[in-house]
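Each chain is listed here by its residues.
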Amino acid sequence: MSRLTTAITSRVENGETAFIPYIMAGDGGLSALKEQLLFLQNAGATAVELGIPFSDPVADGPVIQQAGLRSLSHGTTLREVLEEVERLQQDVTIPIVIMTYLNPVLQLGLEEFAGLAFKAQVAGVIIPDMPLEESDLLRDVLQPVSIDLIQLVSLTSPAERVRRIAEASEGFVYAVTVNGITGTRQTLPEVTFDHLRELKQVSPVPVMAGFGVSTPEHVTQLGEVVDGVIVGSFVVDAFANGHEETILPLLDAAKAVTTRV
Amino acid sequence: MITYSAPDTRGRYGPYGGQFVPETLMHALTELDAAYKESQQDPSFQEEVRYYLENYVGRENPLYFAERLTKHYGKAKIYLKREDLNHTGAHKINNTVGQALLAKRMGKKKVVAETGAGQHGVATATVSALFGLECTIFMGKEDIRRQQLNVFRMELLGAKVVEVTQGSGTLKDAVNEALRYWVTHVEDTHYIMGSVLGPHPFPQIVRDYQSVIGQETRRQSLTQFDQLPTHVIACIGGGSNAMGMFYPFIQDETVKLIGVEAAGHGVASGKHAASLTGGKVGVLHGAMMHLLQDEAGQIQEAHSISAGLDYPGIGPEHSYLHDLGRVEYTSVTDEEALTALQLLAQTEGIIPALESAHALAHLETLLSETTPEDHVVICLSGRGDKDVHTIREALSQKEDV
């Protein structure tokens, strides 16, 4: 079983909710990455999604866009992030998932990317601008080095498409819980939970819900329906403002035992 | 004869094109693709598009023999396809009429679009007023500053213009923001893409609606000089007027097709918008195509005196036609375009758009290899009224130097 699937299911088997925070690599300089990862690891994160900055991040809201621009102003590149992650292997033991738009991967070279990611012991890769139809490109180089290619699924897609994506996804499937881009939100619509239940029923891999999770209540509510949550903008904001401790209540909610319905 | 059938069912032009978009848009694109194909099979829809092109846009427009310009060079006969005479002053409206009618057919009540210089924004605002659609236009902060009058025109037409401050505040950022908006409003909103860019089926839809340019030119050539042109030239930013002009000629091997990109201060200077001449293959805004980018794959800013050519990519079908060798791609600088603009103004009494002046500027190079028996057609994609301020500034700077 993949490292990611194992990490998530072991949490779920304990009655907990898996929790994957997103951080933007190089926001605050790449030298800050070690401290950021260790903070999240010590706080009990199941894995970390590590964002690579891109000049044109169409799937991201303002918070992550700004973080990306800050990171780019430090000159962060995909290659350097992978090399840094490789150096941190001794200390960072939770799985790392790389989230990057496709173009930086293409310019690095598909084979080169797979090789560097393998050396860095990257567990999975998410490409937000590469839907299932275009995903062979990367799957062909990641499969030989056993790195999961995680697909995003939009809950408003037809049921047949949702099932097909869940079946193709490796490690876990990343459910988009609102019709849109990343960012924090007050409430999650009820219809979202119905869609998530349907997805959970058909998915052979764990279901992680993302896009818009920003309160302990969100974590608890989603934890009752799916395997875990991904928290992006809220975490990025917390690190950028030096208030990492505000992430802890969300992690506490994830660690509390929930009854799945 | 060459046979040409791109795109394939996956929206690929050879290795280019495709659908590199967030999953949240995939369903909308599938729907759009199906609705578009259906509309092509519906004669009454085709008739409706034709009706508005004729009675509202003012088609067909002339293929005009530029006699004094021809005499000036003393080589091939030069003809101008007068897209500048369309309602709103450029070829952009051919596409927005088609897409607005398609949006209505799909039951969408709202449209969203990006604009750089404002031409596509104005053309979208215009048809939105015509067909009663709620219109939102995303425009970069920098472009709003440079194109105040077009912002006012759009607002006068009832559109909402949203300032984009993200990124560099120019066209590519406006596309990003329009795509983000579309993701969250996809149920009731159609995205009117302005060029042969973006995810499939947009490059195909825009090409098809713009193909009226090439179809008319082909017919008019046969009527006016009993043969097809020997050369057809068009300027390229994203490449919609060029694609519309070239497409009906692709299978006519004898017709040389030439696309002219904007070289800005010169391709070697790094300050240009020549994605094919000076870029590398990558993925942006949903498609694989040639892009201006750095070694790490970050998209770079384009530079051109012509705001309409100021885009860091080129439509995927152009990338493909380039590889096939069917279209020759070249570039001209800001200065060459300005000179060509003045020449046309003073020989023919036509002030072309700065975009179109790039196509005209290529005559300097091309004509030396032609004879008086050749027929060269230039796509005069738009009129220069919108550029008068920029032209005056540029010319006065030139005099100062």
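Thresholds, definitions, all that
- Residues numbered from 1 in each chain as written.
- Chains lettered and ligands numbered in written order.
- Predicted model: local features only at pLDDT ≥ 70, side-chain atom pairs only at ≥ 80, totals over all residues.
- Heavy atoms only, no water.
- Helix = DSSP H or I, 4+ residues; strand = E, 2+ residues; numbered from the N terminus.
- Buried < 20%, exposed > 50% of the residue type's maximum accessible area, 1.4 Å probe, protein only.
- Contact = heavy atoms within 4.5 Å.
- Areas by Shrake-Rupley, 256 points an atom, 1.4 Å probe, with all protein chains shown as cover.
- UniProt positions renumbered as here; feature names shortened; annotations may be inferred.
- Salt bridge = Lys/Arg side-chain N within 4 Å of Asp/Glu carboxyl O.
- Phe/Tyr/Trp six-rings, centres within 6.5 Å; stacked < 30°, edge-to-face > 60°.
- Lys NZ or Arg CZ within 6 Å of the ring centre and 35° of its normal.
- Pairing = 2+ DSSP bridges.
- Axes fitted to C-alpha atoms, helices over the stretch in contact; angles between N-to-C directions.
- Arc of directions from axis to C-beta.

Caption draft 1: Representation of the overall build of chain B in the model. The helix and strand tally for chain B stands at 17 helices and 14 strands. C-alpha atoms of chain B, sized along the principal axes, occupy 55 × 50 × 40 Å. Within chain B, the proportion of its 401 residues that are buried is 65%. Intrachain contacts of chain B at a sequence separation of at least 6 include 74% that bridge at least 24 residues. Working note: accessible area of chain B is about 14500 Å², and carbon and sulfur atoms make up 50% of it.

Caption draft 2: Here's a closer look at the UniProt feature "active site" (unreviewed entry) in chain A. Residues and elements named next belong to chain A. Mapped onto this numbering, the UniProt entry gives "active site" (unreviewed entry) at Glu49 and Asp60. If you trace the backbone, Glu49 turns up in strand β2 (residues 48–51). The residue Asp60 is located in the loop between β2 and α3 (62–73) in this model.

Caption draft 3: Main features of the pattern of salt bridges. Applying the stated criterion to the full structure yields 39 salt bridges over all chains. Where Glu216(B) meets Lys81(B), a salt bridge forms, and the shortest distance between an N and an O atom there is 2.7 Å. Taken together, the positions of Glu216(B) in helix α10 (residues 212–225) and Lys81(B) in strand β4 (residues 77–82) put the pair 135 residues apart, joining distant regions of the chain. Given the relative accessible area of 4%, Glu216(B) is considered buried. One salt bridge connects Lys110(B) with Asp188(B), and the closest N-O pair in it is separated by 3.2 Å. One end of the pair, Lys110(B), is in strand β5 (residues 110–115); the other, Asp188(B), is in the loop between α8 (171–184) and β8 (189–191), and 78 residues separate them in sequence. Owing to a relative accessible area of 23%, Lys110(B) belongs among the partly exposed residues under this scheme. In this structure, a network of salt bridges that share partners links the residues Glu160(A), Arg163(A), Arg164(A) and Glu167(A).

Caption draft 4: View of the packing of aromatic side chains. Residues and elements named next belong to chain B. Tallied over the entire structure, the rule returns 13 aromatic pairs over all chains. Each ring, one from Tyr51 and one from Tyr52, has its centre 5.2 Å from the other, and the planes form 90°; the classification is edge-to-face. With relative accessibility at 42%, the residue Tyr51 sits in the partly exposed group. Here the aromatic rings of Trp182 and Tyr191 are separated by 5.8 Å at their centres, their planes lie at 75°, and the arrangement is edge-to-face. For Trp182, a relative accessible area of 2% corresponds to the buried category. Taken together, the ring pairs connect Tyr4, Tyr247 and Tyr320 into an aromatic cluster. The side chain of Arg105 reaches across the aromatic face of Phe45, ending 5.3 Å from its centre.

Caption draft 5: Geometry of the sheet that holds β5(B). All names here are of chain B. Spatially, the four strands line up as an open sheet ordered β7-β6-β5-β8, and their pairing is parallel. On the outer flanks of this sheet lie β7 (160–164) and β8, each paired with one strand and no other. Strand-to-strand, the axes of this sheet are offset by a mean angle of 25°, without reference to chain direction. Relative to β7, strand β6 (residues 134–140) is paired through five bridges, and the arrangement is parallel. Bridge pairing in β7 places Gly140 opposite Val164.

Caption draft 6: Looking closely at helix α10 (residues 216–223) of chain A. All names here are of chain A. Buried within α10 we find His218, Val219, Leu222 and Gly223. Here the buried residues of α10 occupy an arc of 125° about the axis, which is enough to place them on one side. Buried residues belonging to α10 abut β1 (18–24), α9 (190–202), β8 (207–210), β9 (228–231) and α12 (248–255).

Caption draft 7: Fine view of unusual backbone geometry. The residue after Arg59(B), namely Glu60(B), is reached through a cis peptide bond having omega 0°. Take Glu60(B): it is sitting in the loop between α2 (43–57) and β3 (63–65). Look at the link from His200(B) to Pro201(B): it is a cis peptide, with omega at 10°. Mapped onto the secondary structure, Pro201(B) falls in the loop between β8 and α9 (202–210). The backbone of Gln121(A) shows a phi angle near 60°, a positive value even though the residue is not glycine. Along the chain, Gln121(A) turns up in the loop between α6 (110–119) and β4 (124–126). Classification of Gln121(A) by relative accessible area gives partly exposed; the value is 39%. Backbone geometry at Asp226(B) places phi at a positive 55°, although glycine is not the residue there. Along the chain, Asp226(B) turns up in the loop between α10 and β9 (231–236).

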